[in-house]
Amino acid sequence: MKADVFIAGGGVGGLALAAKLASRGVHVVIAEQLKRESPVYKGELLQPKTLAILERLGVLDEVEENGHVIDQLRFQEVQRNRGSTPEEINLTELSYSRVASIYDHALMVPHEKTKEILRNKGKEYDEFFHYLPGARFTGFEKGMAKVKRKKETFYVQAQVYIGAEGRSSPTRDAMNVHVKRKDYNHHFLTVTIPRPESFTKGKIITTSSCFLGLFPLPDNEVRTVFLIKAGEYKRIQEKGLESLYQAYSELEPELAEGVRTIEDWKTVQLMIPFTYHVDRYYSGNVAILGDAAHTVHPMAGEGMNLAIQDADVLGELLAWCKEEGKNYTDYLHYYEDIRRPRVEFLLNLSHLSALVYSFQYEWWRKFRMKAVQRIYDDDQLHVKQMLNISGLGKWDFTLVDRAVQGSMLPPRRKRVSDQKQRQYLFSEAEDYPWKRNEKGRIS
């Protein structure tokens, strides 16, 4: 087989890249080893920047129809009372509407539905979009991609090879990049359960020793994320499902009925968070994206979004090269120039968010509660936090910001104007700088 671009991996990142390329007349072959939907939990929270990308792909309306709007992030500190209703200590609400953009919300969409929508979009360009389910990329041989499908082995010759396989990436291995992994002192249990119709807002509920994240999905379901100490899963299982029912009910009484639909530990997935970031995104005519290049702590809900945002920049670059008759390898550096610093920034932001919930001490809980409340009280902190996690731009926190958040300085009362914010939103020229500078350097 021959193609302009070969993509190993048909997850959201690979499919978003393939759909964009096919829509621009770039011949693409996608090898996806799965034949059917995966039962493994993957990201479901689509951030505003991702929604903007999906709109340009022409699929946002369908994605919105299959999603649940998250316009706020609620942080609720409670006193857990055994066998009775929790006592609320503090409630802080951070809003996506503080970002000066028409994309003023996030969206919870079942992961496989997002993949289905992107895959179907690609199929609209069937002359250029070639999707191979049950096909596993095993590595490179004689400069071509070696693929196994059933008992057949075949080769794909392309001008560019993209690894979008996820954390286990033969493409990354072939590039021989450096990967430094960082582990955490906690794990997560995640499961989707029914929710009452009135339960429409997402929130994170915490005590000094518990953490329960709740993110509503369509069809009256809610994705739940329960933090546990690293290595405690087996002990929790031994205590039985009743202990899980009790924990959920005591943290959020509205879910007391829904949590009892969990009938087997097999439906509860253990998530072991860790992070890494490769030192190179490309080598020659080979590049990697998404989890093949970086893995982020799930606390800020960025993993899937970073993959789609990688795909957007890389797809626009490769499509432009095709249209302008440029040599792909001469311009691949732009992909790394743009994406690597942005990913590094969000990796650090997610790491700090993880640390906020990593220590089970009452004094740390009081510090956390004040720090989160200060983000709401100080509009500049509020805007920066929401703008950064939205992916729509980047506005660094200063020492003054951290002093305000740490209660060493009082909150600032001045409201940040939309005009001020727009200086920090990514422009098209910042997303795709090669279009205005063909000399191979960002100006």
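Labelled according to an unreviewed UniProt entry, the chain appears under the name Monooxygenase, originating from Halobacillus faecis.

Draft legend 1. Broad picture of the pattern of salt bridges. Taken as a whole and judged by the stated rule, the model has 31 salt bridges. The salt bridge involving Asp-312 is made with Lys-20; its shortest N-O contact spans 2.7 Å. A residue pair is termed long-range when its members are at least 10 positions apart, and Asp-312 in helix H8 (residues 303–324) and Lys-20 in helix H1 (residues 12–23) qualify at 292 residues. Judged on exposure class, the residue Asp-312 and its partner Lys-20 are both buried.

Draft legend 2. The domain arrangement of the chain, seen in detail. According to the domain assignment, the chain contains domain 1 (2–65 + 109–182 + 274–348), domain 2 (71–105 + 185–271) and domain 3 (359–423). Taking the mean C-alpha position of each, domain 1 and domain 3 sit 33 Å from one another. Note on domain 1 versus domain 3: buried area summed over both sides is about 670 Å², and carbon and sulfur give 66% of it. Three residues stand out in domain 1 for area buried against domain 3, namely Pro-48, Lys-49 and Phe-345, and they jointly supply 61% of the buried area on that side. Where domain 1 packs against domain 3, one counts zero salt bridges.

Draft legend 3. Structural detail: a negative patch on the surface. A contiguous patch of negative charge, built from Glu-55, Asp-61, Glu-62 and Glu-65, is present on the exposed surface. A total of three residues in the negative patch trace back to one element, the largest contributor, which is helix H3 (residues 60–65). Note on placement: Glu-65 falls in helix H3. Classification of Glu-65 as exposed rests on a relative accessible area of 65%.

Draft legend 4. A look at the sheet that holds strand E7 (residues 106–108). Judged by pairing direction, the sheet is antiparallel, and its three strands sit side by side in the order E3-E7-E4 without closing on themselves. The open sheet terminates on both sides in strands that have one partner only, identified here as strand E3 (45–46) and strand E4 (68–70).

Criteria and thresholds
- Counting from 1, residues in each chain are numbered in the order their sequence is written.
- In keeping with the predicted nature of the model, local features appear solely for residues at pLDDT of at least 70, side-chain atom pairs appear and are counted solely at 80 or more, and the whole-chain, interface and lining totals rest on all residues.
- Only heavy atoms go into the side-chain values, all of them from the structure, while hydrogens and water stay out.
- Counted as salt bridges are all cases of a side-chain nitrogen of Lys or Arg within 4 Å of a carboxyl oxygen of Asp or Glu.
- A run of H or I in DSSP counts as a helix once it spans at least four residues, and a run of E counts as a strand once it spans at least two, with each numbered from the N terminus.
- Partly exposed residues are those whose accessible area sits between 20% and 50% of the maximum for their type, while under 20% is buried and over 50% is exposed, using a 1.4 Å probe and protein chains only.
- Either an automatic procedure or a domain database provided the assignment from which the domain bounds are taken.
- When two parts are put together, the accessible area they lose, computed with a 1.4 Å probe and summed over both, is reported as buried area.
- What goes into a patch is any residue over 30% in relative accessible area without a salt bridge, connected to like charges within 9 Å or, for nonpolar side chains (Val, Leu, Ile, Met, Phe, Trp, Tyr), within 5 Å.
- Reported accessibility uses the Shrake-Rupley method at a 1.4 Å probe radius. Residues are deemed covered only where the shown protein chains occlude them.
- The charge count treats Lys and Arg as positive and Asp and Glu as negative. His and the chain ends do not count.
- Note that the charge is assigned to NZ on lysines, CZ on arginines, CG on aspartates and CD on glutamates.
- Here, a strand pair is defined by DSSP locating no fewer than two bridges between the strands.

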